[in-house]
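A look at the structure
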Amino acid sequence: MDEARERFTELVALHQRRASRIAYQYLRDVAEADEAVQDAFVKVFSRITSYREAWPFEVWFTRILINGCLDRRKAKSRRDRWFVGGGMSSAQEARASVARSGSDPEHQVLARERRARVAAAIDRLDGRQRMVFLLCHFGDCTPREISAMTGLNESTVRVHLFRAARKLRGLLGGKL
Amino acid sequence: MKRPIHLNDEYLYECYLAQRQGDAADPPIAEHLADCDHCAARYSELALVMDTLRADGEAETDEIFTPERLRAQQQQIARRMAAVGRPAQVISFPGRFVQRTIRVSTLRSPRWTAAAAAAGLFLGIALGASYEWEYRARPSPPALNTRGARLAPAVRSPSADVGADADFLSDLEVALEHPRTRELAAFDAFTPHVREVSDSR
């Protein structure tokens, strides 16, 4: 069991960064993304016996991660319906700290504004379009892998990808 | 004049995806991009927007998820993995509290408590039984002949009625002359009585 844990820790180190990137882009909250990644790895570890080698490990893992992120997003929308958000979110705090520590304040501010604009535009995408787009452009997944993760047809994935990109360009005014 | 044919956006995006994955684009599309400056410019613009979007997202995540944060996350995952498969354990605070409560309650309930409860119950039953026995042994009071009283005729003589009326009226007069309520005595003194009014007439 200890050996299995050690080997799994290596696997965590290998996929952790990409997983954090997907989760953060999906949830836009550092603490939530951190927890989602942890949950996904622990879930994968406890259910490793159900893994089938028809698909690479990262496809299976990403599917679990995305399902966790979807649940968290739903829970957050339910919470937001009842509670008024006060102050800065953890993501905003982290970004603010980055901005504080940065050497070029103007560049940092511009980058922050641009990212906020992009995040708002991505948030306005349809649920499937958003998921497919994030997996492709931030998770480095191919349309075929996304098809395996989401259960959608590969051609449907390509259509969603194109529509998401077109809508994003329209929302962002064709430029970044 | 023949109108030039250009690639639509969907083809351009497919071409971008293929290039990003390291695959070769469709030969006709690749040929057209090589020949048509307009489509090549559109493709370059699309690729620039998508690449910037991606690079920006990566940079943002890398700034937030620093190596230290990732290491802490890894340690946290390792801790949680170590707990997988272990039997569930009771959380320390309520567990200790409950154990201490149980121990204290078992130590402070000696046997004499049960004996005292039994003795109290016995005494209660004995007293109740003796009281009931005494009540039964007491001679019963003579029963009232209610039936006879009910059947007795309520006949009165006319002379007795007249006497009773006179008594009632005299009682009423006395009561009016001397009010029993001390607080009203002053008002009574100021108010002329019926008799005084009739006398003055």
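We now examine the overall build of chain B. When its secondary structure is counted, chain B shows ten helices and zero strands. Counting from the amino terminus, helix and strand elements in chain B follow one another as α-α-α-α-α-α-α-α-α-α. Put simply, 57% of the contacts in chain B that link residues at least 6 apart link residues at least 24 apart. Carbon and sulfur atoms provide 61% of the accessible area of chain B, an area that totals close to 16900 Å².

Within chain A, the regular secondary structure consists of eight helices and zero strands. Looking at chain A residue by residue over its 176 residues, the buried ones come to 45%. Sequence separation of 24 or more characterises 68% of the internal contacts of chain A that already satisfy a separation of 6 or more. As presented, chain A carries roughly 9600 Å² of accessible surface, and 49% of it is formed by carbon and sulfur atoms.

Residue and element names in this part refer to chain A. The backbone of Arg28 shows a phi angle near 55°, a positive value even though the residue is not glycine. In this fold, Arg28 is placed in the loop between α1 (2-27) and α2 (30-46). The residue Asp140 is not glycine, and still its phi comes out positive at about 55°. Mapped onto the fold, Asp140 is located in the loop between α6 (127-137) and α7 (143-150).

All names here are of chain A. On the secondary structure map, His15 appears in helix α1. Using a relative accessible area of 10% as the deciding quantity, one classes His15 as buried. Dropping the residues within four chain positions of it, His15 is found in contact with Phe41, Phe57 and Glu58.

A few words now on empty space enclosed by the protein. Counted under the stated rule, the structure contains two cavities of 30 Å³ or more. Quantified by volume, the largest cavity comes out at close to 80 Å³. If you go around the largest cavity, the residues you meet are Gln25, Arg28, Arg115, Val118, Ala119, Ile122 and Phe138 of chain A together with Leu53, Asp56, Gly57 and Glu60 of chain B. If you list the elements that add at least two residues to the lining of the largest cavity, you get α5 (105-123) of chain A together with α3 (37-64) of chain B. For the lining of the largest cavity, the per-class residue count stands at five nonpolar, two polar and four charged.

Residues and elements named next belong to chain B. Per-residue pLDDT for chain B averages 76, and the proportion of residues at 70 or more is 66%. Of all secondary-structure elements in chain B, the lowest mean pLDDT belongs to helix α7 (residues 146-151), at 46, while helix α4 (residues 67-83) reaches the highest, 90. The low-confidence segment residues 143-154, where pLDDT is below 50, has zero contacts with residues more than four positions distant or belonging to other chains. Across the interface, the model reports ipTM at 0.77; the global pTM reads 0.61.

The next thing to look at is the interface of chain B and chain A. When the parts of a complex come together, some accessible area is lost, and that lost area is often used as the size of the interface. Counting residues at the interface gives 35 residues for chain B and 46 residues for chain A. Both faces considered, chain B and chain A share a buried interface measuring about 4100 Å² in area, 60% of it formed by carbon and sulfur atoms. For chain B, the biggest contributors to the area lost against chain A are Leu53, Glu60 and Met81 of chain B; these three give 16% of the whole. Here chain B and chain A share ten salt bridges between them. With a closest N to O distance of 2.8 Å, Glu14 of chain B and Arg158 of chain A form a salt bridge. Linking chain B with chain A are 19 residue pairs in polar contact (both at pLDDT 80 or more). Of all elements in the fold, only α1 (9-21), α3 and α4 of chain B reach the threshold of two or more residues within the side of chain B that touches chain A. At 16 residues, the largest contribution of residues to the side of chain B that touches chain A is made by α3 of chain B. The residue makeup of the side of chain B that touches chain A, split by class, is 15 nonpolar, seven polar and 13 charged.

Moving on to α4 of chain B. Between its first and last C-alpha atoms α4 of chain B spans 25 Å; for 17 residues at 1.5 Å apiece the expected length is 24 Å, and the two agree. Check the buried side of α4 of chain B and you find it contacts α1 and α2 of chain A.

We now examine the nonpolar core. Grouped together as the largest cluster of nonpolar side chains are 67 residues, with contacts concentrated most on Leu65 and Phe133 of chain A together with Tyr13 of chain B. For Tyr13 of chain B, the residues in contact, after removing those within four places along its chain, are His137, Leu161, Phe162 and Ala165 of chain A together with Leu46 and Met50 of chain B.

A few words now on the packing of aromatic side chains. Tallied over the full model, the rule gives ten aromatic pairs over all chains. If you follow Arg69 of chain B out to its NZ or CZ, it ends over the ring of Phe65 of chain B, 5.9 Å from the centre.

Turning our eyes to something else, we now look at the packing of helix α8 (residues 154-171) of chain A against α1 of chain B. The interhelical angle for the contact between α8 of chain A and α1 of chain B, taken along N-to-C directions, is 110°, at an axis separation of 10 Å. As the angle between them shows, α8 of chain A and α1 of chain B are arranged roughly perpendicular. Contacts between α8 of chain A and α1 of chain B involve Arg158, Leu161, Phe162 and Ala165 of chain A on the former and, on the latter, Asp9, Glu10, Tyr13, Glu14 and Leu17 of chain B. Class assignment of the residues belonging to the contact of α8 of chain A with α1 of chain B gives a composition of five nonpolar, no polar and four charged.

All names here are of chain A. Applying the stated criterion across every chain yields a total of 19 salt bridges over all chains. Note that Glu32 is salt-bridged to Arg79, the shortest N-O span being 3.4 Å. Of this pair, Glu32 sits in helix α2 while Arg79 is found in helix α3 (residues 57-82), placing the two residues 47 residues apart along the sequence. Note on Arg79: relative accessible area 38%, which makes it partly exposed. Arg73 is the partner of Asp123 in a salt bridge, and the nearest nitrogen-oxygen pair spans 2.7 Å. Placement of the pair is Asp123 in helix α5 and Arg73 in helix α3, with a sequence separation of 50 residues. The exposure class assigned to Arg73 is partly exposed, which follows from its relative accessible area of 22%.

Parameters and conventions
- Residues numbered from 1 in each chain as written.
- Chains lettered and ligands numbered in written order.
- Predicted model: local features only at pLDDT ≥ 70, side-chain atom pairs only at ≥ 80, totals over all residues.
- Heavy atoms only, no water.
- Helix = DSSP H or I, 4+ residues; strand = E, 2+ residues; numbered from the N terminus.
- Contact = heavy atoms within 4.5 Å.
- Areas by Shrake-Rupley, 256 points an atom, 1.4 Å probe, with all protein chains shown as cover.
- Buried < 20%, exposed > 50% of the residue type's maximum accessible area, 1.4 Å probe, protein only.
- 1 Å grid on protein atoms, 1.4 Å probe; cavity = no way out; pocket = protein on both sides within 12 Å on 5 of 7 lines; lining within 4 Å.
- Points joined across faces, edges and corners; volume = space filled by probe spheres on them.
- Nonpolar A, V, L, I, M, F, W, Y, C, P; charged D, E, K, R; others polar.
- pLDDT = per-residue confidence, 0-100.
- Buried area = accessible area lost by both parts, 1.4 Å probe.
- Salt bridge = Lys/Arg side-chain N within 4 Å of Asp/Glu carboxyl O.
- Polar contact = N/O pair within 3.5 Å; in protein donor to acceptor, adjacent residues only side chain to side chain.
- Expected span 1.5 Å × (residues − 1).
- Core = buried A, V, L, I, M, F, W, Y, C linked by side-chain atoms within 4.5 Å.
- Phe/Tyr/Trp six-rings, centres within 6.5 Å; stacked < 30°, edge-to-face > 60°.
- Lys NZ or Arg CZ within 6 Å of the ring centre and 35° of its normal.
- Axes fitted to C-alpha atoms, helices over the stretch in contact; angles between N-to-C directions.
- Parallel < 35°, antiparallel > 145°, perpendicular 65-115°, else oblique.

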